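Below are the chains, spelled out letter by letter.
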Amino acid sequence: MSHQTIIIVDFGGQYNQLIARRVRENNVYCEVVPYKDAIKAIREKKPVGIIFTGGPASVYQPSAPDIDAAVYDMGIPILGICYGAQLMAQALGGKVERQQRQEFGKIPIQATGGLIQQVVDSDVSWMSHNDQIVQPPAGFATTATSELCPYAAIEDAARKLYAVQFHPEVEHTPFGRAFLRVFLYEVCGCTGDWTTASFVQATIEDIQKTVGEGRVLCALSGGVDSTVCAVLTHKAIGERLTCVFVDHGLMRKNEGDEVMDTLAKEFKLNVIRVNAGERFLAKLAGVTDPEQKRKIIGAEFIEVFTEEAQKLGKMDFLLQGTIYPDIIESGVGDAALIKSHHNVGGLPEKLGFTLLEPLRLLFKDEVRRVGTQLGIPRFIVQRQPFPGPGLAVRCLGEVREDKLFILRESDAILRQEIAAAHLDEEIWQYFTVLPNLRSVGVMGDERTYAHAVGIRAVTSTDAMTSDWARIPYEVLERISTRIVNEVSGVNRILYDCTTKPPSTIEWE
């Protein structure tokens, strides 16, 4: 099934993937492509519109990311954002320079006409730039200004070329969503044919076409992503899907049993459970570096799947619940590596599988909507996100069974109390962390030297950015009291109140 497509040309900016999410929120399909591959993708995909993203470079540098100037003569509407706006201006004869006074953060702007004035007259916008347009190209009208930026928005409506210095994709630009919608629907002529139902139908057809009569081995973790992935693929190919659930001993309390009860019994999936806890702990013994932990766990997963595949006979595909944030944070294209994900890359050629990742271009909220469309119960669709390496990345320092016990018990208490306070659907993700830190305390008139447990709770919609959750003090007090009283070896509770960025959601 074909859809109207928006091509997002990636110039390496920090907000680039949010643009894709904003486009999809409008029921419009989009693909993000590196600038080096953009012209080829545009000619092949024949998009109804193009968006140039921001980026860290300066357009006047000799090695700055660029795109073939032929793109401006294709008759396809283009919206340039920040770096993309400057690139467009320079390519068409304008001028871009570095300024002595830069704009960062919430900056008031005044609309003076054109596309932007259809949605706002004056408001704050999110700016993040050192350079700016100082002379627009011929034929461009100024449509918005700020105190320090006389060309905050310019456009050549006749050629359907639009450039904005601010970032409409971020929450800090209140009118940003409306502005993008006007560009998509009024300029590009989008009709909103990208829906959850259409994705499910198209993906099932694509899986059937890709797999043919082949057999698929699913890397099932029991989390939202892998569950939706498995149910979707099961609808496409039925019994030719075999799911392998590796219980690596790094799950939350009772989670292994819950996975089997839910997926094997309720959904009738063919699930094989592999109890490999001792094996993973042995591999992790003495390892403290977080990247090394992730790589060890990822490699061990591959080994387990290889062994199971050999027992099951010939398997043609390895199915994984990889989603877009996994791809981005693993350093794809020009993106910087933030942390390795065990389910992205690193599959040795000798494995013999073809990788099948039907959710790899979806954000978490889109995956949840797909799960609902498939009829997966709400308690699974809304399940807490859980990293593939499990509690290993919440156990700082060496991973040991005594430390995992503290994590499981404290995390279970946290989840119970968050649910009891009816906050479980307001908070995106919440869990406990063992920071490998001991401190002095007093319990029962005796000195203790025990572990500190950290609590991480964040609000988010896409896992790309997040804010710390404002849990009421009385709820935090109950959580703290219960953990200290009920979990042996803990005498101090800490609360993490940092955003992403600069931190990540997980501690490792």
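Quantities reported herein were computed from a predicted structural model and do not represent experimental measurements. (Residues numbered from 1 in each chain as written. Predicted model: local features only at pLDDT ≥ 70, side-chain atom pairs only at ≥ 80, totals over all residues. Heavy atoms only, no water.)

If you walk across this open sheet you meet the nine strands as E2-E1-E3-E4-E9-E8-E7-E5-E6, and the pairing is mixed. With one partner strand each, in any of the chains shown, strand E2 (29-34) and strand E6 (122-135) form the two edges of the open sheet. Averaged over neighbouring strand pairs, the angle between their axes works out to 20° when direction is ignored. Where strand E4 (residues 78-81) meets strand E9 (residues 161-164), four bridges bridge the pair, whose relative direction is parallel. Residue pairing across strands places Gly80 opposite Ala163, the latter belonging to E9. (Pairing = 2+ DSSP bridges. Helix = DSSP H or I, 4+ residues; strand = E, 2+ residues; numbered from the N terminus. Axes fitted to C-alpha atoms, helices over the stretch in contact; angles between N-to-C directions.)

The next thing to look at is the side chain of Arg408. Inspection of the secondary structure puts Arg408 in helix H13 (residues 401-420). Judged by relative accessible area, which is 17%, Arg408 ranks as buried. Here the side chain of Arg408 touches Gly249 through a polar contact of 2.6 Å, landing on its backbone oxygen. Those residues in contact with Arg408 that lie beyond four places of it in its chain are Gly249, Leu250, Met251, Arg252, Lys253, Leu391 and Glu401. (Buried < 20%, exposed > 50% of the residue type's maximum accessible area, 1.4 Å probe, protein only. Polar contact = N/O pair within 3.5 Å; in protein donor to acceptor, adjacent residues only side chain to side chain. Contact = heavy atoms within 4.5 Å.)

This paragraph deals with the nonpolar core. With 44 residues, the main nonpolar core has Leu217, Val246, Phe305, Ile418, Ile427 and Ile471 as its most contacted residues. Beyond its immediate stretch of four places on either side in the chain, Val246 contacts Leu220, Val274, Ala276, Phe280, Phe301, Val304 and Phe305. Formed by 40 residues, the second largest nonpolar core is a distinct cluster that contains Trp194, Cys243, Val259 and Leu362. (Core = buried A, V, L, I, M, F, W, Y, C linked by side-chain atoms within 4.5 Å.)

This structure, assessed with the given rule, holds 11 aromatic pairs. Measuring from centroid to centroid gives 6.1 Å for Phe52 and Tyr72, while their planes differ by 80°, and the two rings are edge-to-face. Placement of Phe52 in strand E3 (residues 49-52) and of Tyr72 in the loop between E3 and E4 is noted, with a sequence separation of 20 residues between them. Summarising the burial analysis for this pair, Phe52 and Tyr72 share the class buried. On the basis of an interplanar angle of 65° and a centroid distance of 5.6 Å, the ring pair of Phe280 and Phe301 is categorised as edge-to-face. Here Phe280, found in helix H8 (residues 277-284), pairs with Phe301, found in helix H9 (residues 290-312); they are 21 residues apart in sequence, far enough to count as distant. Phe280 sits in the buried class, given a relative accessible area of 2%. Joined through ring pairs, the aromatic side chains of Phe11, Tyr35, Phe52, Tyr72 and Tyr83 make up one cluster. A cation sits over an aromatic face here: Arg394 above Phe431, 3.8 Å from the ring centre. (Phe/Tyr/Trp six-rings, centres within 6.5 Å; stacked < 30°, edge-to-face > 60°. Lys NZ or Arg CZ within 6 Å of the ring centre and 35° of its normal.)

A few words on the sheet that holds strand E13 (residues 317-319). Strand order in the open sheet formed by five strands is E12-E11-E10-E13-E14, and the pairing between neighbours is parallel. Only two strands of the sheet have a single neighbouring strand rather than two, namely strand E12 (271-275) and strand E14 (354-356). Strand-to-strand twist in this sheet, taken as the mean axis angle between neighbours without regard to direction, amounts to 25°. Judged from the five bridges that link them, strand E11 (residues 241-247) and E12 form a sheet pairing that is parallel. Bridging across to E12, Phe245 finds its partner in Arg273. Where helix H5 (residues 196-211) meets the sheet, it contacts strand E10 (216-220), E13 and E14, and its direction lies at approximately 170° from that of E14. On the sheet, helix H6 (residues 224-237) packs against E10, E11 and E13 and is oriented at approximately 160° with respect to E10.

Before going further, it helps to examine the packing of H13 against helix H14 (residues 473-486). In helix packing, the relevant descriptors are the interaxial angle and the interaxial distance, both defined with respect to the helix axes. Direction vectors running N to C along H13 and H14 enclose 150°, while the axes themselves pass 10 Å from each other. Between H13 and H14, the crossing angle belongs to the class labelled roughly antiparallel. Every pair of crossing elements has a handedness; the one defined by H13 and H14 is right-handed. Facing Ser410, Ile413, Leu414, Gln416, Glu417 and Ile418 of H13, the residues of H14 in contact are Val475, Arg478, Ile479, Arg482, Ile483 and Glu486. Looking at the contact of H13 with H14, its residues break down into six nonpolar, two polar and four charged. (Parallel < 35°, antiparallel > 145°, perpendicular 65-115°, else oblique. Left-handed = near helix turned anticlockwise from the far one by under 90°. Nonpolar A, V, L, I, M, F, W, Y, C, P; charged D, E, K, R; others polar.)

Take the confidence of the model for the protein chain next. Model confidence for the protein chain is summarised by a mean pLDDT of 89, while 94% of its residues fall at 70 or above. Predicted confidence for residues 344-348 stays below pLDDT 50, and this span has eight contacts to residues more than four positions away or in other chains. (pLDDT = per-residue confidence, 0-100.)

Counting across every chain of the model gives 36 salt bridges. Residue Lys293 pairs with Glu508 through a salt bridge whose shortest N-O separation is 2.9 Å. Of the two residues, Lys293 is situated in helix H9 and Glu508 in the segment after strand E19 (490-496); the sequence distance between them amounts to 215 residues. In terms of burial, Lys293 and Glu508 fall into one category: buried. Among the salt bridges present, the one from Glu425 reaches Arg378, with a minimum N-O distance of 2.4 Å. With a gap of 47 residues between them, Glu425 in the loop between H13 and strand E15 (429-433) and Arg378 in helix H12 (residues 378-381) connect regions that are remote in the sequence. Linked by salt bridges that have partners in common, Arg21, Arg22, Glu25, Glu171, Arg177, Asp365 and Arg369 make up one network. (Salt bridge = Lys/Arg side-chain N within 4 Å of Asp/Glu carboxyl O.)

What follows covers the pairing of strand E17 (residues 446-459). Burial analysis of E17 places 10 of its 14 residues in the buried class, which makes it a mostly covered element. In the sheet, E15 pairs with E17 via five bridges, with the strands oriented antiparallel. The residue bridging Tyr430 from the neighbouring strand is Ala457, located in E17. Sheet topology note: the strand E16 (residues 438-443)/E17 ladder contains six bridges and is antiparallel. Within E17, the residue paired with Met443 across the bridge is Glu446. Summarising the sheet, E17 and E19 pair through six bridges and their orientation is parallel. Its bridge partner lying in E19, Gly454 is registered against Leu494. Relative to strand E18 (residues 467-468), E17 runs antiparallel, the two being bridged by two bridges.

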